[in-house]
Amino acid sequence: MDIYLSAAQEAIDRLGLLNSESDETISKILKNGHGLHPKKLSSDHRKSDPQLSKEEKRSLGLRSNAFMSQSAFAEISQKGLIDAIKAHETTLLRASFTIFRWKSIQSIEETKRIVGDCFAGVRFDANPDACSFCQNLDGTLLENPLDALFPDKSCTCITANYGISVKVDWLLGGSQKDNQYSHDSRPMMRGIFQRIIDRLNFGRNS
Ligand SMILES: [Zn+2]
């Protein structure tokens, strides 16, 4: 699976702000995005090619100094024209969260190795502004994290900005006889581990 293309297609299908033919373009923007924020990526994209005329921009309700290339404009659907400046950004944002989740899933095995016996599963993390479907799932453990890669049909979040993260239960490791860390050093090790895990858990609160 090309995660960039799949994430782009999901966001385009679900939001309906861009035409389905723009999936390759959106996928490319994500792939070459170097971690830049979708707001910056979409404005660069709107700037890149020959621009619409001032009259055309005005007829779309855009400021004359707003950037909108002819090619970017051609990608926007009828629905997306309601807020043309946001159409690419919102689509890129939704797709980016899918990619963040994909990266989190990719790092599960590595995190598992680091935390050993303290691994307590993989959890669903909803943001406070999420829809009720996501709120209900917040903190629950996922049997198969891949099932949560793409937003569920019942989720009504626009950007579906929920995350997937490894849950660590330090008490699980504490009961092991062969625990390699003494009781006294455990709080310190816990701090170090937690910082590593925080780094591995991509895409949360971003
Ligand atoms: Zn949701």
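## Topic: the nonpolar core
Counting residues in hydrophobic clusters, the biggest one holds 31 residues, and the most contacted among them are A7, A8, I26, L30, L92, A95 and I99. Ranked by residues supplied to this core, first place goes to helix α6 (residues 84-106) with nine residues. Residue contributions to this core reach at least three from each of two domains, namely domain 1 (3-99) and domain 2 (107-200). Counting seven residues, the second-largest nonpolar core is a separate cluster that includes V115, A148, I164 and V166.

## Concerning the confidence of the model for the protein
Per-residue confidence for the protein gives a mean pLDDT of 89, with 85% of residues at or over 70. Per-residue pLDDT, averaged within each element of the protein, yields its smallest value for helix α10 (residues 186-200) (66) and its largest for helix α1 (residues 3-15) (98).

## Considerations on helix α2 (residues 23-31)
Buried within α2 we find D23, I26, S27, I29 and L30. Taken around the axis of α2, the buried residues stretch over an arc of 160 degrees, which confines them to a single face. Taken together, the buried residues of α2 touch α1, α3 (38-47) and α6.

## What about unusual backbone geometry?
With a phi angle near 50 degrees, H34 is a residue other than glycine that sits in the positive phi range. As for its position among the elements, H34 is in the loop between α2 and α3. Classification of H34 as exposed rests on a count of 6 C-beta atoms within 10 Å. With a phi close to 45 degrees, A160 is a non-glycine residue in the positive phi region. Assignment of secondary structure puts A160 in the loop between α8 (132-137) and β2 (163-168).

## Comments concerning the packing of α1 against α2
Orientation of α1 relative to α2, taken along the N-to-C sense of each, is 125 degrees, at an axis distance of 8 Å. By the criterion of interaxial angle, the relationship of α1 to α2 is oblique. Taken as a pair, α1 and α2 cross one another with a handedness that is right-handed. Side by side, α1 and α2 meet where Y4, L5, A7, A8, Q9 and I12 of the first sit next to D23, I26, S27, L30 and K31 of the second. The residue makeup of the contact of α1 with α2, split by class, is seven nonpolar, two polar and two charged.

Rules and cut-offs
- Residues numbered from 1 in each chain as written.
- Predicted model: local features only at pLDDT ≥ 70, side-chain atom pairs only at ≥ 80, totals over all residues.
- Core = buried A, V, L, I, M, F, W, Y, C linked by C-beta atoms within 7 Å.
- Buried ≥ 20, exposed ≤ 12 C-beta atoms within 10 Å, placed from the backbone.
- Helix = DSSP H or I, 4+ residues; strand = E, 2+ residues; numbered from the N terminus.
- Domains from an automatic or database assignment.
- pLDDT = per-residue confidence, 0-100.
- Arc of directions from axis to C-beta.
- Contact = placed C-beta atoms within 7 Å.
- Axes fitted to C-alpha atoms, helices over the stretch in contact; angles between N-to-C directions.
- Parallel < 35°, antiparallel > 145°, perpendicular 65-115°, else oblique.
- Left-handed = near helix turned anticlockwise from the far one by under 90°.
- Nonpolar A, V, L, I, M, F, W, Y, C, P; charged D, E, K, R; others polar.

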